Amino acid sequence: MQIVTSHTNTDFDALASMVACTCLYPGAVGILPSHIMPNVKAFLAIHQDLLRIRPRKELDLEKVSALIVVDANNWNRLDRMEALSTRKTLDIICWDHHMEGVTIEGTREYREEVGATITLLLEEIVRQDTPITPMQATLFLLGIYDDTGCLTFSSATHRDARMTAFLLENGADLNIVTAYLADTIDDSHSRVFSQMLATARIFEMEGLKIGICAQPVESGLTMLASLVSKYREFKGMDAVFGIFLTDQNKSMVIGRANPRSIDVGLVVRALGGGGHPAAGSAVVKGSDLETMVNRVVQLIHDAGQKETLVREIMSDPARFVVDPSLTMGEARKIMAQEKLPALLVCDKERFLGSLSGETFAKAERSGRLDTSVKGYIKSRISVAAPEDTARKALERMNRSDDGLLPVVEQDLLTGVLTRGNLILHIYDIQS
Ligand SMILES: [Mn+2]
């Protein structure tokens, strides 16, 4: 008998991947681990008869001739399958997206870094043109959404998104998907969350509100990243780091931040993990909670020091600059020709202020385009200094009507910060 199984605490990605295998491998029977996530249990309560899946307790290991393992790479994570690990002739196929800590060695391995294991199986379903029902499409979409936070986690890839489109084309029902995803937080998550609320350490750093939540959690508990995100939203923090001790000497560090605050990626990369300015995580071995908290706090301070400064991202202001001797008509022509959002008026290098499109419209309405720009210069405007942080400049930009910030140092115009500069910075694109 060929069986397909997955990890205990079975989540939707695991269940979806098992069911996909029953489509791809005719005759394969899904073996459901004894402990499954509550929302998966709720789904099965209605759908189980439609799926080729049996509970673990009905399985006789002696009868197993071939094994397919999905969404798991370690014998410890399966439900009492160790006896198979030493069976020499057993054919093992692995479909998985966990790259670290592999102990199950397959005869054939399909292990790739995508957001959900079901994505890899769906690509195979598309290749083989295997038909799927709308009910299966719905379950498969639950698998992708459950593992990728509805495609919002940084682990999500374009491949997961492409398979999401394929499932929607094949009748996946979003009403059912949301109904089952809504239940993904259970009692153990509530306990972790209350603990976060009660024990988090909160501190301020250069005007940023930062929280650190450190606690032991039961191993295998998923959704910790969502709890960190929820906590940050709930408390209105700029950045939050969750440090979760998952067993004796392993902790998971998860960071979530407003992209305009500190760079989470810098912190988690220093711990051997990965991520982006707004989200990232790392698994650290061999440290107790207190040591980890101190390390993370230190790294947050270091990351604060490495903030991008205005002078590193600003542009040369030359094309925005006009002389105060011009008339409004002449200045307006330059602005239109160069397609600029505003002009900066400088007497030599001394910055006097700006001229906006609105000002020109006003001058035109009153028939005063032939008068000097001097009377129209707006001097009370938002500016930035070269040593300001890009984060501070972003806030200033919210208050700028012109969509640009003159960079001024001791009355002299040294640069200009445009929306383009800030976009390149936020999206971390090298210009
Ligand atoms: Mn998974």
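None of these values were measured; they are calculated from a predicted model.

Colleague: I'd like to hear about the overall build of the protein, residue by residue, with values.
Modeller: When helices and strands are tallied, the protein shows 16 helices and 17 strands. On C-alpha atoms alone, the protein measures out to a radius of gyration of 29 Å, which is more than a quarter above the 22 Å that the 2.2 N^0.38 rule sets for 431 residues. Here the protein holds 431 residues, and 51% of them are scored as buried. Residue pairs in contact within the protein that sit at least 24 positions apart in sequence constitute 65% of those at least 6 positions apart. Roughly 20,900 Å² of accessible area belongs to the protein as shown, and the carbon and sulfur atoms make up 49% of that amount. Taking the average place of the 46 positive charges on the side chains of the protein and the average place of its 56 negative ones, the gap between the two points comes to 3 Å.

Colleague: Please set out the packing of aromatic side chains residue by residue, giving values where relevant.
Modeller: Scanning the entire structure with this criterion turns up 5 aromatic pairs. Considering the side-chain rings of Phe43 and Tyr180, the 5.2 Å spacing of their centres and the 75° angle between planes classify their relative orientation as edge-to-face. Of the two residues, Phe43 is situated in helix H2 (residues 38-47) and Tyr180 in helix H7 (residues 174-181); the sequence distance between them amounts to 137 residues. On the basis of relative accessible area, Phe43 is assigned to the buried category, the value being 1%. Judged by relative accessible area, which is 12%, Tyr180 ranks as buried. When the ring of Phe193 is compared with that of Tyr231, the centres are 6.4 Å apart and the planes differ by 75°; the resulting orientation is edge-to-face. Remark: Tyr231 occurs in helix H9 (residues 224-235) and Phe193 occurs in helix H8 (residues 187-199); sequence separation between them is 38 residues. As far as the burial class goes, Phe193 and Tyr231 line up, both buried.

Colleague: Tell me about the coordination of the manganese ion, residues and numbers included.
Modeller: In an ideal tetrahedron of four donors about a metal, each angle is 109.5 degrees. In an ideal octahedron of six donors, the angles are 90 or 180 degrees. Bound to the manganese ion are the protein donor atoms Asp13 (OD), Asp71 (OD), His97 (NE2) and Asp147 (OD), situated 2.1 to 2.4 Å from the metal. Read in sequence order, the donor residues coordinating the manganese ion give the pattern D-x57-D-x25-H-x49-D. Residue Asp71 is found in the loop between strand E4 (66-70) and helix H3 (82-85), and its partner His97 is found in the loop between strand E5 (91-96) and strand E6 (108-111); the two are separated by 26 residues along the sequence. Both residues of the pair, Asp71 and His97, count as buried.

Colleague: Can you tell me about the sheet that holds strand E9 (residues 239-247), naming the residues and giving the values?
Modeller: Judged by pairing direction, the sheet is mixed, and its 6 strands sit side by side in the order E7-E8-E9-E10-E12-E11 without closing on themselves. Only two strands of the sheet have a single partner each, and these edge strands are strand E7 (201-205) and strand E11 (274-275). Of the pairings in the sheet, the one linking strand E10 (residues 250-257) to strand E12 (residues 279-285) comprises 7 bridges and is antiparallel in character. Bridge pairing in E12 links Ser251 to Val284. Across the face of the sheet, helix H11 (residues 289-305) comes into contact with E7, strand E8 (208-216), E9, E10 and E12 while running at roughly 160° to E8.

What counts and what doesn't
Residues numbered from 1 in each chain as written. Predicted model: local features only at pLDDT ≥ 70, side-chain atom pairs only at ≥ 80, totals over all residues. Heavy atoms only, no water. Helix = DSSP H or I, 4+ residues; strand = E, 2+ residues; numbered from the N terminus. Rg over C-alpha atoms; globule rule 2.2 N^0.38 Å. Buried < 20%, exposed > 50% of the residue type's maximum accessible area, 1.4 Å probe, protein only. Contact = heavy atoms within 4.5 Å. Areas by Shrake-Rupley, 256 points an atom, 1.4 Å probe, with all protein chains shown as cover. Lys, Arg positive; Asp, Glu negative; His and termini not counted. Charge placed at Lys NZ, Arg CZ, Asp CG, Glu CD. Phe/Tyr/Trp six-rings, centres within 6.5 Å; stacked < 30°, edge-to-face > 60°. Donors = N, O, S within 2.8 Å, 3.2 Å for Na, K, Ca; no water. Pairing = 2+ DSSP bridges. Axes fitted to C-alpha atoms, helices over the stretch in contact; angles between N-to-C directions.

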